[in-house]
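Okay, here's what each chain looks like letter by letter:
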Amino acid sequence: MADIPSLLAARYGIDSSTGDAAASADAAQILTAPNPVLESLLQHKSVRKFLPDAALPPGALELLAAAAQSAATSSNLQTWSAVAVTDPARKAAASTLSGDQAFIREAPLLLVFCADLRRLTGVSRQHGTAGAGLAYAEMYTMATIDAALAGQNAAVAAEALGLGACYVGAARNRPRELAALLGLPPRVVALFGLAVGWPDPEARSAAEVKPRLPVAEVLHREAWDDGDQEGNLAAYDKTLDAFNARQGRGDAPTWTYRSAHRVATVESLHGRDVFRQVLNERGFELK
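Residues numbered from 1 in each chain as written. Predicted model: local features only at pLDDT ≥ 70, side-chain atom pairs only at ≥ 80, totals over all residues. Heavy atoms only, no water.

Draft legend 1. How the structure looks around the sheet that holds strand β3 (residues 164–168). Strand order across the open sheet formed by 4 strands is β1-β2-β4-β3, with antiparallel pairing between neighbours. In this open sheet, the two strands that pair with only one neighbour each are β1 (80–85) and β3. The mean inter-strand angle of the sheet, taken between neighbouring strand axes irrespective of direction, is 25°. Where β1 meets strand β2 (residues 109–116), 6 bridges bridge the pair, whose relative direction is antiparallel. Pairing of Val-85 across the sheet is with Leu-110, part of β2. (Pairing = 2+ DSSP bridges. Helix = DSSP H or I, 4+ residues; strand = E, 2+ residues; numbered from the N terminus. Axes fitted to C-alpha atoms, helices over the stretch in contact; angles between N-to-C directions.)

Draft legend 2. Structural view of the packing of aromatic side chains. What the rule picks out here adds up to 5 aromatic pairs. With 5.5 Å between their ring centres and 75° between their planes, Tyr-140 and Phe-284 make a pair best called edge-to-face. Separated by 144 residues along the polypeptide, Tyr-140 in helix α8 (residues 137–160) and Phe-284 in the segment after α13 (275–281) bring together distant segments of the chain. Residue class for Phe-284 comes out buried when judged on its relative accessible area of 1%. (Phe/Tyr/Trp six-rings, centres within 6.5 Å; stacked < 30°, edge-to-face > 60°. Buried < 20%, exposed > 50% of the residue type's maximum accessible area, 1.4 Å probe, protein only.)

Draft legend 3. Inspection of the pairing of β3 at higher detail. In terms of burial, β3 is a largely internal element, 4 of the 5 residues being buried. In the sheet, β3 pairs with strand β4 (residues 188–197) via 5 bridges, with the strands oriented antiparallel. Considered in β4, the bridge of Gly-164 is made with Gly-197.

Draft legend 4. Representation of the environment of Ala-68 in the model. Take Ala-68: it is sitting in helix α4 (residues 60–69). Residue Ala-68 is classed as buried on the basis of its relative accessible area, which comes to 3%. Residues Ala-68 and Leu-163 lie 95 residues apart in sequence; the distance between their C-alpha atoms is 15 Å. Apart from residues no more than four positions distant in its own chain, Ala-68 is found in contact with Trp-80, Phe-113, Ala-150, Asn-153 and Ala-154. (Contact = heavy atoms within 4.5 Å.)

Draft legend 5. Region of interest: a positive patch on the surface. On the surface, a cluster of positive charge is made up of Arg-48, Lys-210, Arg-212, Arg-249 and Arg-258. Relative to the helices and strands, Arg-249 resides in the loop between α11 (229–246) and α12 (255–262). (Patch = residues over 30% accessible without salt bridge, like charges linked within 9 Å, V, L, I, M, F, W, Y side chains within 5 Å. Areas by Shrake-Rupley, 256 points an atom, 1.4 Å probe, with all protein chains shown as cover. Salt bridge = Lys/Arg side-chain N within 4 Å of Asp/Glu carboxyl O. Lys, Arg positive; Asp, Glu negative; His and termini not counted. Charge placed at Lys NZ, Arg CZ, Asp CG, Glu CD.)

Draft legend 6. Structural context of the state of the cysteines. Applying the stated criterion across every chain yields a total of 0 disulfides. For Cys-114, which is in no disulfide, the shortest distance to another cysteine sulfur is to Cys-166 and amounts to 18 Å. (Disulfide = S-S within 2.5 Å.)

Draft legend 7. Seen up close, the UniProt feature "domain: Nitroreductase" (unreviewed entry) in the protein. UniProt marks residues 43–198 with the feature "domain: Nitroreductase" (unreviewed entry), using the numbering shown here. What you have in residues 43–198 is 42% helix and 19% strand, and the ends, taken at the C-alpha atoms, are 16 Å apart. (UniProt positions renumbered as here; feature names shortened; annotations may be inferred.)

Draft legend 8. Representation of the side chain of Asp-146 in the model. Note on placement: Asp-146 falls in helix α8. Among buried charged residues, Asp-146 stands out as having no salt bridge; its nearest opposite-charge side chain is Arg-119, 7.9 Å away. Polar side-chain contacts of Asp-146 include one of 2.6 Å to the side chain of Thr-73. A polar contact is formed between the side chain of Asp-146 and the side chain of Thr-79, at a distance of 3.1 Å. Among all residues touching Asp-146, those that are not within four sequence positions of it are Ala-72, Thr-73, Ser-74, Gln-78, Thr-79 and Trp-80. (Polar contact = N/O pair within 3.5 Å; in protein donor to acceptor, adjacent residues only side chain to side chain.)

Draft legend 9. The arrangement of the packing of helix α5 (residues 88–97) against helix α9 (residues 175–182) in detail. At a minimum axis separation of 10 Å, α5 and α9 run at an interaxial angle of 170°. Taken together, the axes of α5 and α9 are roughly antiparallel relative to one another. Contacts between α5 and α9 pair Arg-90, Ala-93, Ala-94 and Leu-97 from the former with Glu-177, Leu-178 and Leu-181 from the latter. Looking at the contact of α5 with α9 residue by residue, the class counts come to 5 nonpolar, no polar and 2 charged. (Parallel < 35°, antiparallel > 145°, perpendicular 65-115°, else oblique. Nonpolar A, V, L, I, M, F, W, Y, C, P; charged D, E, K, R; others polar.)

Draft legend 10. Quick look at a nonpolar patch on the surface. A cluster of nonpolar side chains, namely Val-37, Leu-38 and Leu-41, defines an oily patch on the protein surface of about 240 Å² accessible area. Examined against the element boundaries, Val-37 turns out to sit in helix α3 (residues 36–42).

Draft legend 11. The arrangement of α4 in detail. Residues of α4 that are buried: Ala-60, Leu-64, Ala-67 and Ala-68. For α4, the buried positions fall inside an angular range of 100° around the axis, keeping them on one side. Residues Glu-62 and Gln-69 are exposed on α4 and point more than 90 degrees away from its buried face. The secondary structure elements touched by the buried residues of α4 are β1, β2, α8 and β4. (Arc of directions from axis to C-beta.)

As structure tokens, then:
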């Protein structure tokens, strides 16, 4: 069982034997006993290589759904739904529409999380109310938050079962076609996928967690403070360069370079620039 200070050091890509790890060690002092929940969270890794022909155990999908439904939901409106895709042909088609990524085909399960205002549309009709609030951006925002919280619960539950998972943002690359493939009705739109399966222990990426930005860069105390953003980002470039080198990707660009180019052009959105139009087409007016 890994200790929390070591897991914190790994998460930030620092040497737990040096003074650089002091903040991580301090954070671990609040623990007086092993904590499997925190250990699982701190060891999260995206899994993009699954064991072939390894089905999920019976009942796993239902457990993931229950975990997802246990997430917080604004006003208990539960403005999300998910489509479970296990049929190989349909999953392959979803993969083609989602960046043509092989791990989606390999995973025995693809969960597509959706913003769902259709249910409340029906409830409004049932009780003879106008449902005027459903036409505003607030309700779409609520649905995306609800779906994200549910998806994270499902991912944590999968890892608790010994499974691996990887989010699929590319589910928004071709939103019209994916909606048609999944038979999504009006006021329902796919937000992201979650590929779930048994991790391949031989995959290189199985060895390490990917370091995140320094906590000083993302955690603001009392009020926003950019502080030493330039220094934080320079340090993170070095940390991630070292990680990539250990993963056999020594020629990978720095995080800042890659991130800048990821948002540099409309083309770098990989088709997602039409998403606002698709939302309108699907009944999310976003007033």
